[in-house]
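# Descriptive analysis of the structure
Given next are the chains, with one letter for each unit.
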Amino acid sequence: MSFSSFIVQLLNGLAGASSLFLVGAGLSLIFGVTRIVNFAHGSFFMVGIYVAYSLVAKLGTGLGFWPALLLAAVAVGVLGAVVEVVLLRRIYKAPELFQLLATFALVLVIKDAALWFWGPEELLGPRAPGLSGSVNILGRQFPSYDLFLIVVGPVVLGLLWLLLTRTRWGTLVRAATQDREMVSALGVNQAWLFTAVFALGALLAGLGGALQLPREPATLEMDLNTIGAAFVVVVVGGMGSIPGAYVAALLIAEIKAICIWLGVVDIFGVSVSFSKLTLVVEFLVMAVVLVWRPWGLMGKPQGVSRNTGLPEAPLRQPERWFKLGGAALVAVLVVLPLLTTGSPYLTVLMIDLLIAALFAASLHFIMGPAGMHSFGHAAYFGLGAYAAALLVRSAGIPMELALVLAPLAAAAGALLYGWFCVRLSGVYLAMLTLAFAQITWAICYQWDGFTGGSNGLTGVWPAEWLSDKRNYYYLTLALVVGGVLLLRRVLFSPFGYALRAGRDSVLRADAIGIDVKRMQWTAFVIAGLFAGLGGALFAFSKGSISPETLHVGRSVDGLVMVLLGGIQTLAGPVVGAVTFTWLHDTVARNTDYWRAMLGAIILVLVLLFPQGIAGAIKQIFDNKREAKNMKEGTA
């Protein structure tokens, strides 16, 4: 570990920070004005590098290289404008979480469009003409192109500062970040302002992707990998702060560079691998910053959003027809395996549907009634799954006892993480849950001796009397139905009503003596407990467990399930889980481009049912009841 290698690693960090800043700045700009947490921003980055690859091949690797990068960024900016006009402009009045769902669906569509156009192979671009060599720095060679990237970040930051502070358009953008409704009342065409901001944000992401062409190959995994890092940069810097995004990108990139430089270090006789921290260092930084400074390094406390959708009606006990329908559904689920004895696949699918329903119901428990949006709920699902596997394999505990203890392990994780999370709210709370989930994923992914590392754990089978899938199905059915009903019962208890009171008005809840944070913390632990039960059932159903079980992708799936069904209805998470899991299975088996088809279906459902499927059905019945009451009152 020489001084020269340390300097070179710091320069590598500066080069990486520039690319990270471009993506983060675009995301921060879009959120600051439109208040949309744009999950598709990583897709714009991915499209930028793919388009740059095609344009360089078309225009040539000589004089056409640099214009190709700029044209790629412009093309992505145009794509962003089209997306805003065609899709997002139609759902600005929908709740913010449904806007997130729409952008997630867009991720699926764009990914399969890239797969269809460019294929699944990695595409490596040529070196940048004029900057293909290296320079000598303290006796070590450093790529000239990386020096160019180091300069790009501050230059773009300066240009954005001039645009936002020295132009009328920039003044309008800054005003819109403070009060969008007031800007509209002053006669500004808010729709086109939003379009221009979204296009600029997409252009910056596309430019960040295009500039990576000489450094790394274009792959289909860039979208989700990039959006995670971009979210971290925006949140650490402060939502809506462009300078904050640059400072955060520098901080994260340099800490990563130092971890790589340190490598493996002996501390008091113990070998510590700092290089392994690079998988999760940005989430560690985000967790520390949010606990220390909840609004980010250069951010401000987030104002109350006015774009929350329809007000939620008070909880009412289910009517007689709903109870009869639920009982009939359970009866069908009991009889179903007897009618499909020749189709074991259907039994396995039904087990997956039931586990998904319990997972979604546990997430809805803190998202709907408690108002705590979580992007990392898969952590507790995974903790339950790993606890069940380790108890059976390592401790030799019977499967039945492991099924009882595993949810308690997940609840313990929720108890620890929830203590920090409930001190935040809104997007910051959601991002802190994501940070803790990714930290948990990294531990499971890298702890080879205990969790099996990236290979996971195998041979996690249920007890002998459950070896028949139908028997395991009935056990799963009993536990899932019992879990969903118990969660529902809690919401109709005094605790549940107090939880909703704290969500609707913290000040009023405090005034009548409700300890809102303690109630939310308790809800966090309850949700983690039932998510852990779902994870344990999943582990014994599949016979194995891997780090993918608690990756961010599963958390996103849970969000999609809750939002698709309807966050304002208690039946919503079950309906959404069944719909999403069934669509995922059916579409994936019938087409190679299942993501695009699934994304298109979700987009249609979002546009048709902005309150979710179950929410739309509930609205229809409520309207009929109102019409009937009005008719009877008139008579």
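With 19 residues, helix α2 (residues 41-59) should reach 27 Å at 1.5 Å per residue; the first-to-last C-alpha distance of 27 Å fits that figure. Among the residues trailing α2, glycine 60 stands out with phi positive, at a value near 100°.

Before going further, it helps to examine the packing of aromatic side chains. Under the definition given, this model contains 23 aromatic pairs. Their ring planes at 70° and their centres at 5.3 Å tell us that tryptophan 66 and phenylalanine 148 sit as a pair that is edge-to-face. Residue tryptophan 66 is located in helix α3 (residues 65-86), and its partner phenylalanine 148 is located in helix α5 (residues 144-165); the two are separated by 82 residues in the primary sequence. For tryptophan 66, a relative accessible area of 26% gives the class partly exposed. When the ring of tyrosine 473 is compared with that of tyrosine 474, the centres are 5.5 Å apart and the planes differ by 70°; the resulting orientation is edge-to-face. What makes tyrosine 473 buried here is its relative accessible area of 1%. Here tyrosine 474 falls in the partly exposed class, since its relative accessible area comes to 27%. Within the aromatic cluster, the residues linked to one another by ring pairs are Tyr380, Tyr417, Trp419, Phe420, Phe436 and Phe524. The ring of tryptophan 192 has arginine 89 lying over it, and the distance from NZ or CZ to the ring centre is 4.7 Å.

Further remarks concern the environment of aspartate 352. As for its position among the elements, aspartate 352 is in helix α13 (residues 344-367). As for aspartate 352 and asparagine 225, which are separated by 127 residues in sequence, their C-alpha atoms are 27 Å apart. Ignoring anything within four residues of it in the chain, the contact list for aspartate 352 reads Ser541 and Lys542.

Here we come to the pairing of strand β1 (residues 134-137). Strand direction decides the pairing type here: β1 and strand β2 (residues 140-143), joined by four bridges, are antiparallel. Within the sheet, the bridge partner assigned to valine 135 lies in β2 and is phenylalanine 142. Connecting β1 to the antiparallel partner β2 that follows it, the hairpin turn spans two residues, and leucine 138 within it adopts a positive phi of roughly 55°.

Core analysis: the biggest nonpolar cluster contains 216 residues, and Phe21, Met286, Phe365, Met431 and Ile602 have the highest contact counts within it. Counting residues per element, this core draws most heavily on α13, which supplies 16 residues. Apart from the residues within four sequence positions on either side, methionine 431 is in contact with Phe231, Val232, Val235, Met286, Leu290 and Phe375.

Another aspect to go through is helix α11 (residues 281-292). A rise of 1.5 Å per residue sets the reference length of α11, with its twelve residues, at 16 Å; its end C-alpha atoms lie 17 Å apart and thus fit the reference within 8%. Those residues of α11 that are buried lie in contact with α9 (222-237), α10 (242-262) and α16 (426-446).

Another aspect to go through is the side chain of serine 493. Here serine 493 shows up in the loop between α18 (469-491) and α19 (494-504). Within the local environment of serine 493, its side chain forms a polar contact with the backbone oxygen of valine 490, the two atoms lying 2.4 Å apart.

This part takes up the packing of helix α14 (residues 378-393) against helix α15 (residues 399-421). It is the contact of α14 with α15, at a shortest axis distance of 8 Å, that shows an interaxial angle of 140°. On the basis of the axis angle, α14 is oblique to α15. For the pair α14 and α15, the crossing hand works out as right-handed. Of the residues in α15, those touching α14 at Tyr380, Leu383, Gly384, Ala387, Ala388, Leu391 and Val392 are Met399, Ala402, Leu405, Ala406, Ala409, Ala410, Gly413, Ala414 and Tyr417.

Let us now look at the pattern of salt bridges. Enumeration over the complete set of coordinates arrives at nine salt bridges. In this structure, lysine 256 engages glutamate 282 in a salt bridge whose closest nitrogen and oxygen atoms are separated by 3.4 Å. Highlighted residues: lysine 256 in helix α10 and glutamate 282 in helix α11, separated in sequence by 26 residues. Of the charged contacts, one joins aspartate 352 and lysine 542 as a salt bridge, the two residues approaching to 3.0 Å between their closest N and O atoms. Note that aspartate 352 is positioned in helix α13 and lysine 542 in helix α21 (residues 516-542), a separation of 190 residues in sequence.

Procedures and definitions
Residue numbers here run from 1 along each chain, matching the order of that chain's written sequence. This being a predicted model, a pLDDT of at least 70 is required before a residue's local features are given, and a value of 80 or more before pairs of side-chain atoms are given or counted; all residues contribute to the totals for chains, interfaces and linings. Hydrogens and water are ignored here; the side-chain numbers use all heavy atoms of the structure. The way it works is that DSSP assigns letters per residue, a run of H or I at least four long becomes a helix, a run of E at least two long becomes a strand, and they are numbered from the N terminus. Expected span of a helix: the number of residues minus one, times 1.5 Å. Pairing of aromatic side chains here covers Phe, Tyr and the six-membered ring of Trp, requires ring centres within 6.5 Å, and sorts the geometry by plane angle: under 30 degrees stacked, over 60 edge-to-face, intermediate tilted. For the exposure calls, accessible area comes from a 1.4 Å probe over protein chains only, and a residue counts as buried if that area is under 20% of its type's maximum, exposed if over 50%, partly exposed in between. Placement of a charge over a ring requires the Lys NZ or Arg CZ to be within 6 Å of the ring centre, with the centre-to-atom vector within 35 degrees of the ring normal. A contact between two residues is defined here by any heavy atoms of the two lying within 4.5 Å. Pairing between strands is defined by DSSP: at least two bridges between them are needed. Throughout, nonpolar core names a set of buried Ala, Val, Leu, Ile, Met, Phe, Trp, Tyr and Cys residues whose side chains join them through atoms within 4.5 Å. N or O atoms closer than or at 3.5 Å make up a polar contact, with two conditions inside protein: a donor-capable atom paired with an acceptor-capable one, and, for residues adjacent in sequence, both atoms drawn from side chains. Inter-axis angles, ranging from 0 to 180 degrees, are taken between N-to-C directions of lines fitted to C-alpha atoms, where helices are fitted over the stretch in contact. Any angle from 65 to 115 degrees is called roughly perpendicular, while one under 35 is roughly parallel, one over 145 is roughly antiparallel, and all others are oblique. A clockwise turn of the near helix away from the far one marks a right-handed crossing, whereas an anticlockwise turn of less than a right angle marks a left-handed crossing. The term salt bridge refers to a pairing of a side-chain nitrogen on Lys or Arg with a carboxyl oxygen on Asp or Glu at a separation within 4 Å.

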